[in-house]
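Structure assessment
Each chain, letter by letter, is given below.
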Amino acid sequence: MADGGFNTAQSGNSAEFQRHAFDPWMQPELFRGVLIRRFFAFLIDLLVLSIPVILGVIFIAMFGVITLGLGWALFWLVSPASLIWAVVYYGASLGGPHSATVGMRAMGLEMRTWSGEPSYFVLGAMHAILFWISVSMFTPLILVISLFNNRRRMLHDMLLGTVIINNSDLATVAEPHGSY
């Protein structure tokens with residue numbers, strides 16, 4: 001194995017070792033302002049996630065009043081339903097055609113894999129799960145790791161091999177420079 005174990009086109013294999021698709025030194029506009037945009041996108045997503053949960057709690061409370069307290073037994077469903085709703089929301093929105101949640105789309109962000117491919121449902125769901133696990137286990141200070149890398153990736157981004165980029169600048173980066 002003269003190629004160090006990597007399959008390359010030179011060795012006759014069709015699979016080729018691919019580096020990161022988004023280079024922060026060659027394409028800095030893709031990473032400019034990503035952290036602050038991620039913060040505001042997170043707040044927007046929290047609002048989107050909390051509205052159905054609040055409506056469900058109000059419904060259960062009113063149902064409990066109507067049933068003279070028997071309906072309040074349904075409050076135990078709020079926590080598991082909230083978790084399922086959050087995983088489905090992140091999986092469906094990050095795995096959708098825009099590869100972004102509602103908050104990320106509002107802030108002009110998009111999630112891609114390290115090789116530049118769009119996200120998919122399982123990756124989006126795991127992204128949310130790993131985020132909540134890492135923040136709850138290591139405190140929110142774990143988010144500081146994003147200040148010390150060029151792609152502004154957080155711990156859960158690194159573990160999953162994803163990168164958050166400015167999608168408004170993606171089209172301008174892909175366009176060829178110069179006149180033909």
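Residues numbered from 1 in each chain as written. Predicted model: local features only at pLDDT ≥ 70, side-chain atom pairs only at ≥ 80, totals over all residues. Heavy atoms only, no water.

**Comments concerning the side chain of His-156**
Tracing the sequence through the fold places His-156 in helix α5 (residues 155-160). Here His-156 falls in the buried class, since its relative accessible area comes to 2%. Discounting chain neighbours no more than four positions away, the residues touching His-156 are Arg-38, His-127, Leu-130, Phe-131 and Ser-134. (Helix = DSSP H or I, 4+ residues; strand = E, 2+ residues; numbered from the N terminus. Buried < 20%, exposed > 50% of the residue type's maximum accessible area, 1.4 Å probe, protein only. Contact = heavy atoms within 4.5 Å.)

**A closer look at the pairing of strand β1 (residues 109-113)**
In terms of burial, β1 is largely enclosed, as five of its five residues are buried. In β1, alternate side chains face the same way, and those of Leu-109, Met-111 and Thr-113 on one face and Glu-110 and Arg-112 on the other are all buried. Where β1 lies against strand β2 (residues 162-166), five bridges are found, and the strand directions are antiparallel. Bridged to Met-111 within β2 is Ile-164. (Pairing = 2+ DSSP bridges.)

**Describing the pattern of salt bridges**
If you walk through the whole model with that rule in mind, you get two salt bridges. Between Arg-38 and Asp-157 there is a salt bridge, with the nearest N and O atoms lying 2.6 Å from each other. Linking Arg-38 in helix α1 (residues 34-66) with Asp-157 in helix α5, this pair joins segments that are 119 residues apart in sequence. The same class applies to Arg-38 as to Asp-157, namely buried. Measuring nitrogen to oxygen at the nearest pair gives 2.6 Å for the salt bridge that ties Arg-112 to Glu-110. There is no split in this pair, since Arg-112 and Glu-110 are both buried. (Salt bridge = Lys/Arg side-chain N within 4 Å of Asp/Glu carboxyl O.)

Keep in mind that these numbers describe shape and distance, not what the molecule does.
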